[in-house]
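Notes for the structure review
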Amino acid sequence: MPHALITGANRGIGLEHARQLLERTWTITAAVRDPDAASDLKALDPGDGRLRIVKYDASDLGAAESLKSQVEGPIDILFANAGVMGPASQNDYRTAASEEFLDVIRINSVAPLALAGAFADQVAASQMKVIALQSSRMGSIADNDSGGRYVYRASKAALNAVGKSLSVDLKDKGITVLILHPGWVRTDMGGPNGNLTVTECVDGQLDLIARANPAMNGRFFHSNGQDLPW
Ligand SMILES: NC(=O)c1ccc[n+]([C@@H]2O[C@H](COP(=O)([O-])OP(=O)(O)OC[C@H]3O[C@@H](n4cnc5c(N)ncnc54)[C@H](OP(=O)(O)O)[C@@H]3O)[C@@H](O)[C@H]2O)c1
């Protein structure tokens, strides 16, 4: 049975990935900050052992290694999905430089790299061999014509650079690294005006992942399949 490890699987886009994959009879390791509070996720539990909920805080640099001791066997999809927007002060260049900037980098950019480091061999031992990084179009430098959002943009640009290097370094293990923009999705982060539902976003992302092949390695994709500029 295929197995996905998904971070931030307790709400938003990550929760929908867990829901759809459970429905397709996958085994899911859902890595969440507060397992006790993950009621929407627990409500998806088919009760047959296919949903495992583990504690994971992306702001803790050692979290990926701790997780590794709890997750056995091949991992078909390692989905580094958890992420934060960062403080409101980031919209003004005079206040954007802050300690919180560094916290966001830790969660959005460093934690996915630590996950890849901890789990690459288990991904390589699977059938699908996919590492998916939940980035954002806001991390595209070419696409930035509205400014602001210094912290979030920089953290996702850094994640894109991490993903590109991983795609080169893990190619010989047969791993495909996909750098993904979900679209503007109606979640707590995306707000109510987003133009995609979580279901539409995840339909698209799972379709991309199902088609993953070496020609897609290290590319930046919208959930609608479009290639995005760096
Ligand atoms: N929604 C959009 O339009 C959009 C657009 C572009 C990119 N994205 C990206 O898509 C991903 C998911 O976003 P979303 O819209 O689903 O956001 P969301 O509804 O705000 O969910 C964020 C998820 O990340 C988790 N998370 C945050 N900090 C964490 C930490 N330190 N350790 C572990 N988990 C943590 C949250 O867990 P808690 O419940 O514990 O906080 C939650 O599960 C993010 O990487 C985001 O940047 C979203």
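This is a predicted model, so every value here is computed, not measured.

**Considering the site of the ligand**
Within the structure, the ligand sits among 29 residues, and N10, R11, R33, Y152 and T187 are positioned closest to it. Measuring from an oxygen atom of the ligand, one finds a backbone N or O atom of N81 at 2.8 Å. Here the ligand loses 94% of its free accessible area of 880 Å² to cover by the protein chains. Judged by the proximity of its atoms to the pocket grid, the ligand belongs to the largest pocket. When residues of the shell around the ligand are traced back to their parent elements, those giving at least two are α1 (12-23) and α5 (150-169). Along the lines of polarity and charge, the residues of the shell around the ligand split into 11 nonpolar, 13 polar and five charged.

**Focus: the environment of A116**
Relative to the elements of secondary structure, A116 occurs in helix α4 (residues 99-124). The spatial distance from the C-alpha of A116 to the C-alpha of T187 is 26 Å, given a sequence separation of 71 residues.

**A look at α1**
Helical geometry note: an α-helix holds 3.6 residues per turn, so side chains three or four residues apart project in the same direction. Helix length check: α1 (12 residues) gives 17 Å between terminal C-alpha atoms against 16 Å at 1.5 Å per residue, within 8%. Summarising burial for α1: nine of the 12 residues are buried, a large majority. Every buried residue of α1 is listed here: I13, G14, L15, E16, H17, A18, Q20, L21 and L22. Once α1 finishes, T25 follows within two positions and takes phi at roughly 70°, a positive value.

**Some words on the sheet that holds strand β7 (residues 219-222)**
One open sheet holds the seven strands; their spatial order is β3-β2-β1-β4-β5-β6-β7, and the pairing between them is parallel. Both outer strands of the open sheet, β3 (51-55) and β7, are each paired with one neighbouring strand and no more. With direction set aside, neighbouring strand axes in the sheet form an average angle of 20°. Set on the sheet, α1 makes contact with β1 (3-7), β2 (27-32), β3, β4 (77-80) and β5 (130-134); between it and β1 the angle comes to about 165°. With respect to the sheet, helix α6 (residues 198-210) is in contact with β4, β5, β6 (176-181) and β7, its orientation differing from that of β6 by roughly 160°.

The rules behind each value
Residues numbered from 1 in each chain as written. Predicted model: local features only at pLDDT ≥ 70, side-chain atom pairs only at ≥ 80, totals over all residues. Heavy atoms only, no water. Near = heavy atom within 4 Å. Polar contact = N/O pair within 3.5 Å; in protein donor to acceptor, adjacent residues only side chain to side chain. Areas by Shrake-Rupley, 256 points an atom, 1.4 Å probe, with all protein chains shown as cover. 1 Å grid on protein atoms, 1.4 Å probe; cavity = no way out; pocket = protein on both sides within 12 Å on 5 of 7 lines; lining within 4 Å. Sits in = over half its atoms within 2 Å of the grid points. Helix = DSSP H or I, 4+ residues; strand = E, 2+ residues; numbered from the N terminus. Nonpolar A, V, L, I, M, F, W, Y, C, P; charged D, E, K, R; others polar. Expected span 1.5 Å × (residues − 1). Buried < 20%, exposed > 50% of the residue type's maximum accessible area, 1.4 Å probe, protein only. Pairing = 2+ DSSP bridges. Axes fitted to C-alpha atoms, helices over the stretch in contact; angles between N-to-C directions. Contact = heavy atoms within 4.5 Å.

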